[in-house]
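Architecture and fold: a report
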Amino acid sequence: MVSPVGAIRNGLELLEMSGVKPSLELDLINQSAQNANARLSYLRVAFGDAGGSSKFSQQEITAIIGAYFENKRVRVNWQVTTDQPRSVVKTLLLLIMCFETGLPYGGEILVRTADSTWAITGSDDRTAFDTPHWDAMITGQDFELSSATVHFELARAAMSLNDINPEWGKTSGALRMQFQTNAA
């Protein structure tokens, strides 16, 4: 899928260079290609290999998250100012996807850290944090997997792999998780 998106973007660039006048149709194709590229970048990190000791720069993380959520109802407020290990970023992106699922009508996901303590909060007037998937995430019980919920199981696996045991707090309109990481 990466090659077709790149081919579309290259084709648009060639059309522009050949003197084709801008149009609403070409703008729509360009916007769709940009959205697909942003989604691929985010999913490549969230579902990709987290091995190795490499880090993501603060700029890379905010660019990936910003592009992915640019045209969505959910806003991500990333209040992290330092580079982060790939394994931590992978886990966080999966968790952000879970929180996004819990905010079907939009809302805000706040991600903060102080030293090795992380907090993620999802909030809105209308939330869906009381589904079987969230219950399983919080309690550790099994749940029925589907393509729409696989990120919950992958987030649990990533947390387990990184020795993350979150504390959960639920209020009307918000869900908060806090955890410690050992990653440097």
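Further up the page is the structure itself.
Described in the following lines is the structure provided in the data block. Computed from a prediction, not measured in an experiment: that's the story for all the values here. (Residues numbered from 1 in each chain as written. Predicted model: local features only at pLDDT ≥ 70, side-chain atom pairs only at ≥ 80, totals over all residues. Heavy atoms only, no water.)

So, on to the overall build of the protein. If you tally the helices and strands in the protein, you get six helices and seven strands. Starting at the N terminus and walking to the C terminus, you meet the elements of the protein as α-α-β-α-β-β-α-β-β-α-α-β-β. Projecting the C-alpha coordinates of the protein onto the three principal axes gives extents of approximately 60 × 40 × 30 Å. Counting the 184 residues in the protein, one finds 37% classified as buried. Looking at the protein alone, contacts between residues at least 24 apart form 64% of all its contacts between residues at least 6 apart. With the model as given, the accessible surface of the protein reaches about 10500 Å², and the carbon-plus-sulfur share is 51%. (Helix = DSSP H or I, 4+ residues; strand = E, 2+ residues; numbered from the N terminus. Buried < 20%, exposed > 50% of the residue type's maximum accessible area, 1.4 Å probe, protein only. Contact = heavy atoms within 4.5 Å. Areas by Shrake-Rupley, 256 points an atom, 1.4 Å probe, with all protein chains shown as cover.)

Looking now at the nonpolar core. Counting 40 residues, the largest nonpolar core has Tyr42, Trp78, Leu93, Ile96 and Ile120 as the members making the most contacts within it. For this core, the element with the highest residue contribution is helix H4 (residues 86–101), accounting for 10 residues. Dropping the residues within four chain positions of it, Tyr42 is found in contact with Ile64, Ile65, Tyr68, Phe69, Leu93, Ile96 and Met97. (Core = buried A, V, L, I, M, F, W, Y, C linked by side-chain atoms within 4.5 Å.)

This brings us to the layout of surface pockets. The probe, sized like a water molecule, is rolled over the atoms to show the empty space still left. The volume enclosed by the largest pocket comes to roughly 250 Å³. Every residue along the wall of the largest pocket is listed here: Arg9, Leu12, Glu13, Leu15, Glu16, Val20, Lys21, Pro22, Ser23, Leu26, Asp27 and Asn30. For the lining of the largest pocket, the secondary-structure elements that each account for two or more residues are helix H1 (2–17) and helix H2 (24–47). Broken down by element, the residue count for the lining of the largest pocket peaks at five residues, all from H1. For the lining of the largest pocket, a count of residues per class yields five nonpolar, two polar and five charged. (1 Å grid on protein atoms, 1.4 Å probe; cavity = no way out; pocket = protein on both sides within 12 Å on 5 of 7 lines; lining within 4 Å. Points joined across faces, edges and corners; volume = space filled by probe spheres on them. Nonpolar A, V, L, I, M, F, W, Y, C, P; charged D, E, K, R; others polar.)

With respect to topology, five strands assemble into an open sheet ordered S2-S4-S5-S7-S6, the strand pairing being mixed. The two strands at the open ends of the sheet, each matched to only one other strand, are strand S2 (74–79) and strand S6 (167–171). With strand direction ignored, the average angle separating the axes of adjacent strands in the sheet is 10°. Here S6 pairs with strand S7 (residues 174–180) via five bridges, running antiparallel. Its bridge partner lying in S7, Lys170 is registered against Leu175. Together, S2, strand S4 (107–114), strand S5 (117–123), S6 and S7 form the strand contacts of H4, whose direction differs from that of S5 by roughly 20°. (Pairing = 2+ DSSP bridges. Axes fitted to C-alpha atoms, helices over the stretch in contact; angles between N-to-C directions.)

The next point concerns the packing of helix H3 (residues 58–68) against H4. At their nearest, the axes of H3 and H4 sit 12 Å apart, and the two run at 20° to each other. The angle between the axes of H3 and H4 places the two elements in the roughly parallel class. Our pair here, H3 against H4, has a crossing hand that is right-handed. In this structure, H3 contributes Ile61, Ile64, Ile65 and Tyr68 to the contact, and H4 contributes Val89, Leu93, Ile96, Met97 and Glu100. Residues of the contact of H3 with H4, tallied by class, amount to eight nonpolar, no polar and one charged. (Parallel < 35°, antiparallel > 145°, perpendicular 65-115°, else oblique. Left-handed = near helix turned anticlockwise from the far one by under 90°.)

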